[in-house]
Structure formats: structure tokens, C-alpha cells
Amino acid sequence: MNVGGGSAADADPEPMMEMNMTPLIDVLLVLIIMLIITIPKQDHSVNLNMPVGNPPLSDIKPVVITIDVDFDGTILWDGEVVPDRAALEAKMNAVAAIPDQPEVHLRPNKLVEYKVVAGVMASAQRIGVTKIGMVGNEQFQ
């Protein structure tokens, strides 16, 4: 508000160039409070439907096939030497064709090169053997 006498130069007052921020801030604060109130409570738990009771006991022991990899890269299928990779893959194809696949236990010697063991695992994966696992064997190592 301009009070007082003015001269001829003051006849055209300049418009105010600043925006009044108070109503904008008030509206934003109300929106933030509404957002905080409407956000649902966050639970840090995962709801799972777990089975109730004891699982049925099975008298059937799983069939286990043992693949041993000797320190020099020799592959043994249940104690029998496998001559080459094609013979190993043929035996794995027979295992993969069974609907209820037997467990395949891979027992590498601790001195064998990793590429031989990785090759056996890659063949099993490519062929579709699903129940394969690494097993430590102190007797064989």
C-alpha cells in the first residue's frame, strides 16, 4: 500500500512481481497429510499356506545313481568306467526319460580339474536331469 503524496514520476506504480506462496504451501501440506493418512499399514510378513500335520511316511527308498569323477578325469557311473562323453550322455538320456527320475549324486575327486565336473553338470542340465546334486565322499577323495 502506497501512502503519501507522490510526484509525477510515481503516477504509474509497478505491479508486484512476487507470487504469494502461502496458499500453495498450505494446500501441499494438506495433500501430504491426506496421503499419509490414507496409506495402508505396511506389514513385513509374507502369508504362506503351510501344510498342516505330518507328511506321509514313504517306505520306498529313492533310486540313487552315483557318478564319480576321478582325479585324472575318469568318469564312473555306479562304479563302471564310462569310456567317453557320448556314452555318459546316453546314460543321462535314459535317466531323463524316466518320469520319476532317480537321484544322481555327483562325487568329484578334490584333485580333478573343474572343467571335467562342469562338463558333467552341463550335460546333465542340457539333457534334462533334474535331481542332481554334489556329494562329498571322503573315501573316494
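Per an unreviewed UniProt entry, the recorded name for the protein chain is Biopolymer transporter ExbD, and the organism is Massilia aurea.

Colleague: Which residues make up helix 3 (residues 114-127), and what values do they have?
Modeller: Between its first and last C-alpha, helix 3 extends 20 Å over 14 residues, near the 20 Å set by a 1.5 Å rise per residue. Listed in full, the buried residues belonging to helix 3 are Val116, Val117, Gly119, Val120, Ser123 and Ala124. Down the axis of helix 3, the buried set is contained in an arc of 155°. They therefore lie on one face. In helix 3, the exposed positions that point more than 90 degrees away from the buried face belong to Tyr114, Lys115, Gln125 and Arg126. Close packing links the buried residues of helix 3 with strand 1 (64-69), strand 2 (75-77), helix 2 (85-97), strand 4 (103-108) and strand 5 (132-134). Once helix 3 ends, the next one or two residues include Gly128, with phi positive near 110°.

What counts, and at which threshold
- Residues numbered from 1 in each chain as written.
- Predicted model: local features only at pLDDT ≥ 70, side-chain atom pairs only at ≥ 80, totals over all residues.
- Heavy atoms only, no water.
- Helix = DSSP H or I, 4+ residues; strand = E, 2+ residues; numbered from the N terminus.
- Expected span 1.5 Å × (residues − 1).
- Buried < 20%, exposed > 50% of the residue type's maximum accessible area, 1.4 Å probe, protein only.
- Arc of directions from axis to C-beta.
- Contact = heavy atoms within 4.5 Å.

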